[in-house]
Amino acid sequence: MARSEALGTFEQLVLTAVLALGDRAYGVTIHARVKELAHPRNASLGAVYVTLDRLEDKRLVSSRLSDPTPERGGRAKRCYRLEAAGERALRDAALASQRMSAALTDVWGTKWERRWQKV
Amino acid sequence: MAESLNVKPPPWLEFLVSRLVPPACREHVLGDFSERYTSPLQYAADALRTLPFVIAGQIRRTSDSLRLLMCVIPAFVFFGGLGRPDDVDSVAWLHALPPTIGVAIAVVLRSAYRSPDNASSRQAVADAAAAVACALLSQAALATIHPQWVLAPLTVLGGSVGTFVTVFALRSVSSGSDLRPALATDDLTSIDGLVRDVRQFERRIRERNRREVLAGLFVVVGFGAYLWRGPELVSRIGCGLAMTGALFIIYRIRTRGVAHPVPTDGALSAAMAVYRRELERQRDLLRTVTWWYLLPLLPSMVVLTLGQAITRSQPAPALRGFGFVLLIGALIRQLNQRAARKLQHKIDRLTAALENQE
């Protein structure tokens, strides 16, 4: 199996947002979804832009300009799409998280997730 | 988001922000700002928080350390960084640093703010003018803070002219070769995509050949004039060698570097195969640039350095100049190796597409 690109935590969040949003993935919606995923930490729109650029350079996502829309002052959206390499990288990151979660459950017990969420 | 249909940012504020957003991402970033708009204050705060990231991201994407060095090193030399031939112990390099840093800042910012759709020679002139303006600004600033560090007017003039010519030449060559990676657009498996790519490739090769031949002729004429009126034998031999080297480069470009036309009116696979052969030929030419481009000029550089050292009975300045020429040669080699790697990437894609068709 081909080795996938190693992802940072924020990159994982942005890729997840792009995957979840599908055809509606562009700056504003990706930022909103990343904020939800990163809660309680904050995520700025600028950080999302920079990460999207980096992911595009790594060819994990691709982008295209949509048609202009009136609610955006007649300006186009840059819509993002997950590429096959991006999906592979995200899958590997998810599997690693799952393994980590299992290891933590062994040490902290099965209720650790609920306990930490309250904190 | 529905309320934003009726609320728009004030045009003056939008105009102000649009001037700060690099053109390559202006459209979608301003669109996102408009969509999030609720009040002028929120819009300004949004822009202030986001723009540093956008500008830094664009600088990261468009900055090219090799090309930057190709602009900055000559600028350093033109502003007297190597010192005067008769002044060995000076700290000239320190005085040449502020204008060189100014040139570097201008080149980096102009790259980030370069329009992706308009790669004209007018932009190259603007890039060169910005580089010179920043160098002059550094001198103006020094005049108020530390007047002893200000360069002599003649050095400033020479540095400005040299920097302008260098930056203009380099930016004309590299125009439009940056920005977003074209993942979905450069489709080589359709006849339209292939024709577009082939035409662009042929045009670039023609322009490069024309430029190299012109530069070669310039070297031949320039060194020819010096050879005619040259002061001593060693320098005249150096001039003769430089002319021979330049003529060899012209010959090589005219024989091996010419782009043979790719037939695009027949079968797609046949056109792809011919195009791949053409790319391989150009890749090999770039990979071997040390042998046919740099080495033919090296003997002349050695002899000219020797001539300078003998004439002035002072080898240090001539050796510094020789080191500078070697450094530029190494950078040229690196640039060509990188271009060869890019071509290899395209060759691999064509090979994969051809295998899929079989």
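Conventions we followed
- Residues numbered from 1 in each chain as written.
- Chains lettered and ligands numbered in written order.
- Predicted model: local features only at pLDDT ≥ 70, side-chain atom pairs only at ≥ 80, totals over all residues.
- Heavy atoms only, no water.
- Phe/Tyr/Trp six-rings, centres within 6.5 Å; stacked < 30°, edge-to-face > 60°.
- Helix = DSSP H or I, 4+ residues; strand = E, 2+ residues; numbered from the N terminus.
- Lys NZ or Arg CZ within 6 Å of the ring centre and 35° of its normal.
- Buried < 20%, exposed > 50% of the residue type's maximum accessible area, 1.4 Å probe, protein only.
- Pairing = 2+ DSSP bridges.
- pLDDT = per-residue confidence, 0-100.
- Contact = heavy atoms within 4.5 Å.

How would you explain the packing of aromatic side chains if you had to name every residue and give the values?
Taken as a whole and assessed by the stated rule, the structure comprises four aromatic pairs over all chains. Between F33 of chain B and Y43 of chain B the ring centres are 6.0 Å apart and the planes differ by 80°, which places this aromatic pair in the edge-to-face class. One end of the pair, F33 of chain B, is in helix α2 (residues 23-36); the other, Y43 of chain B, is in helix α3 (residues 40-62), with 10 residues separating them in the sequence. Consider the rings of W292 of chain B and Y293 of chain B, whose centres lie 5.6 Å apart with planes at 85°: the pair is edge-to-face. One aromatic cluster is present, built from ring pairs that chain together F33, Y37 and Y43 of chain B. Sitting over the face of the ring of Y26 of chain A, K77 of chain A holds its NZ or CZ atom 4.5 Å from the ring centroid.

Can you lay out the pairing of strand β2 (residues 78-82) of chain A for me, pointing to particular residues and giving the numbers?
Residues and elements named next belong to chain A. Among the five residues of β2, four are classified as buried, and the element is accordingly described as predominantly covered. Inspection of the sheet shows strand β1 (residues 61-65) paired to β2 by five bridges, in the antiparallel sense. In the sheet register, S62 faces β2, and the bridge partner there is R81.

If you had to explain the confidence of the model for chain B to someone new, which residues and values would you point to?
All names here are of chain B. Taken over all residues, the pLDDT of chain B has a mean of 85, while the share at 70 or more is 90%. Below pLDDT 50 for its whole length, residues 1-5 participates in eight contacts with residues either more than four positions away or in separate chains. Across residues 175-185, where pLDDT falls below 50, the model places 31 contacts with residues more than four positions away in sequence or in other chains. On the interface metric, ipTM, the complex scores 0.87, and its pTM is 0.73.

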